[in-house]
Amino acid sequence: MIFVTGGTGFLGSHLLFHLLKIGKKVRAIKRADSNFNLLSNVFSFYTQDTQKYLDKIEWVEGDLLDIYLLNEALNDISDVYHAAAIVSFDPSHRKKMMKTNVEGTANLINAALGKDIRKFCHVSSIAAIGRAENDNVIDENVVWKTSKKNSNYAISKYGAEREVWRGIEEGLNAVIINPSVILGPRELNRGIGSLISMVRNGFKFYTPGVNGFVDVRDVAESMIRLMESDIYNERFIISADNLTYKQIFDWIAEYLKMPGPKYKATPYISEIAWRLEYIKGLFSNNKPLITKETARTANHTYYYSSDKLIQALDFKFLPVRQTIKDACELFLKNNN
Ligand SMILES: NC(=O)c1ccc[n+]([C@@H]2O[C@H](COP(=O)([O-])OP(=O)(O)OC[C@H]3O[C@@H](n4cnc5c(N)ncnc54)[C@H](OP(=O)(O)O)[C@@H]3O)[C@@H](O)[C@H]2O)c1
């Protein structure tokens with residue numbers, strides 16, 4: 001049986017569907033207040049028989065910070081897929097994020113070390129990989145450096161990945177994936193959903209940065225294929241292409257048949273924007289749309305290589321343009 005964390009989240013819900021589709025038996029963790037809307041939405045993207053697939057999941061209720069629960073949950077489990085984490089660039093989430101991402105991963109690794117686990121797949125991030133000098137392409141060998149430029153999220157994901165490497169040293173068989181920005185069908189207020197909403201609402205600015213992007217279906221598929229392979233104790237960057245944010249906005253605008261953002265938001269404008277958002281947040285309950293960390297990331301240029309994965313699995317990525325098209329079509333279907 002397979003144990004999945006983060007199954008109520010974006011990547012985890014796609015992963016759950018892919019595992020169920022190939023007939024795997026799955027136990028997944030959810031919290032007492034986990035919302036199932038995203039999971040049902042994602043399943044309905046793949047099938048009309050959403051409930052049939054949802055009913056196949058065996059749920060355990062609890063938290064990654066509960067070591068007794070994890071110990072119980074891993075009884076009779078052969079494979080673990082660890083996709084749960086707090087993904088946030090809001091400075092007020094720093095403490096909670098560190099605890100869940102680093103301590104939560106350490107707890108799961110320790111529980112797995114105490115059981116007869118065949119293989120463990122850890123979802124890390126490109127954020128946990130170091131930066132290359134002079135805009136060079138980043139691969140799995142780039143070394144992490146302590147820097148003020150590292151976001152709290154990146155530091156937490158680096159700490160989490162170190163716990164997995166520690167587990168490997170202590171005898172666990174594992175693979176680690178480091179996805180770039182994951183795009184695909186999901187709720188509208190996050191990820192590509194929020195980019196689509198920005199274009200739809202006539203947002204006028206784009207940032208000049210370049211980043212890696214990948215389809216969520218490719219991330220789920222690569223996790224399963226790595227787990228089924230005889231590859232152990234390696235990390236893999238999962239990124240289909242390196243693109244400007246402008247290109248992403250332009251494709252969204254093309255599929256929505258609307259004008260895309262026209263004006264380049266220079267780093268100076270972005271610095272003002274996140275400060276204004278911060279002040280606005282002090283006087284309202286709304287989360288800031290832009291934070292210091294998101295504004296700075298969107299202005300940087302990072303190129304990632306997935307050659308290692310392509311060679312190891314003969315992997316073929318979906319073109320990012322196709323991902324944008326599918327997400328826009330879903331958006332139009334649900335919002336017209
Ligand atoms: N999204 C991206 O672009 C991206 C890129 C690279 C890597 N990643 C990595 O991919 C993984 C999944 O990201 P995502 O975008 O799918 O995130 P997400 O949609 O925010 O989902 C996070 C999941 O983690 C669960 N979770 C959080 N804290 C938990 C805790 N203390 N105990 C148990 N479960 C907990 C959440 O449960 P609730 O439903 O109860 O909140 C949810 O199921 C993360 O490891 C992230 O770092 C994401």
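Our subject is the structure listed above.
Residues numbered from 1 in each chain as written. Predicted model: local features only at pLDDT ≥ 70, side-chain atom pairs only at ≥ 80, totals over all residues.

Structural notes on the overall build of the chain
Consideration 1: Along the backbone of the chain there are 13 helices and 14 strands.
Consideration 2: Counting only residues that meet the buried cut, the chain has 41% of its 336 residues in that class.
Consideration 3: Look at the contacts in the chain between residues 6 or more apart in sequence, and 82% of them connect residues 24 or more apart. (Helix = DSSP H or I, 4+ residues; strand = E, 2+ residues; numbered from the N terminus. Buried ≥ 20, exposed ≤ 12 C-beta atoms within 10 Å, placed from the backbone. Contact = placed C-beta atoms within 7 Å.)

A look at helix α13 (residues 320–335)
Since the α-helix packs 3.6 residues into each turn, any two residues three or four apart lie on the same face.
Consideration 1: Along its 16 residues, α13 runs 22 Å from first to last C-alpha, staying within 8% of the 22 Å computed at 1.5 Å per residue.
Consideration 2: Taken together, the buried positions of α13 are Val-320, Thr-323, Ile-324, Ala-327, Cys-328, Leu-330 and Phe-331. End-on, the buried residues of α13 take up no more than an arc of 160 degrees, which puts them together on one face. More than 90 degrees from the buried face of α13, the exposed residues found are Glu-329 and Lys-333.
Consideration 3: Lining the buried residues of α13 we find α2 (37–46), β8 (181–183), α7 (191–200), β10 (210–215), β12 (241–244) and α9 (245–256). (Expected span 1.5 Å × (residues − 1). Arc of directions from axis to C-beta.)

With respect to the nonpolar core
Consideration 1: Val-4, Leu-15, Ala-112, Cys-121, Ile-177 and Met-223 are the most contacted members of the largest nonpolar core, which has 88 residues in total.
Consideration 2: Setting aside residues up to four positions removed in sequence, Ile-177 forms contacts with Cys-121, Val-123, Ser-124, Ser-222, Met-223, Leu-226, Phe-236 and Ile-238. (Core = buried A, V, L, I, M, F, W, Y, C linked by C-beta atoms within 7 Å.)

Observations concerning the site of the ligand
Consideration 1: Surveying the vicinity of the ligand reveals 29 residues, the closest of which are Gly-9, Phe-10, Ser-34, Ala-84 and Ala-85.
Consideration 2: Put simply, the parts of the chain that give the shell around the ligand at least two residues each are α1 (10–21), α5 (94–113) and β8.
Consideration 3: Split into classes, the residues belonging to the shell around the ligand amount to 14 nonpolar, 12 polar and 3 charged. (Near = placed C-beta within 6 Å. Nonpolar A, V, L, I, M, F, W, Y, C, P; charged D, E, K, R; others polar.)

Topic: the pairing of strand β7 (residues 174–179)
Consideration 1: Among the 6 residues that make up β7, 6 are buried, leaving the element largely enclosed by the rest of the structure.
Consideration 2: Because side chains alternate across β7, one face comprises the buried residues Ala-174, Ile-176 and Asn-178, and the other comprises Val-175, Ile-177 and Pro-179, equally buried.
Consideration 3: Pairing of strand β5 (residues 119–123) with β7, which is carried by 4 bridges, proceeds in the parallel orientation. Within β7, the position partnered with Cys-121 by the bridge is Val-175. (Pairing = 2+ DSSP bridges.)

Describing the sheet that holds strand β2 (residues 26–30)
Consideration 1: Spatial strand order, β3-β2-β1-β4-β5-β7-β11: 7 strands in an open sheet with parallel pairing. The sheet is open, and its two borders are formed by β3 (58–61) and β11 (234–238), each paired with just one other strand. On average, each strand axis in the sheet is inclined to that of its neighbour by 20 degrees, with strand direction left out of account.
Consideration 2: Bridging between β7 and β11 involves 5 bridges; their strand directions are parallel. The residue of β11 that forms the bridge with Pro-179 is Ile-238.
Consideration 3: Those strands touched by helix α8 (residues 216–228) are β4 (79–82), β5, β7 and β11, and its axis lies near 160 degrees from that of β7. (Axes fitted to C-alpha atoms, helices over the stretch in contact; angles between N-to-C directions.)

Points about the packing of α1 against α8
Consideration 1: One can describe the packing of α1 onto α8 by two numbers: an axis separation of 9 Å at closest approach and a directional angle of 55 degrees. For the element pair α1 / α8, the angle class is oblique. For the element pair α1 and α8, the recorded crossing hand is right-handed. Side by side, α1 and α8 meet where Phe-10, Leu-11, His-14, Leu-15, His-18 and Leu-19 of the first sit next to Val-216, Arg-217, Val-219, Ala-220, Glu-221, Met-223 and Ile-224 of the second.
Consideration 2: Across the contact of α1 with α8, the residue classes tally to 9 nonpolar, 2 polar and 2 charged. (Parallel < 35°, antiparallel > 145°, perpendicular 65-115°, else oblique. Left-handed = near helix turned anticlockwise from the far one by under 90°.)

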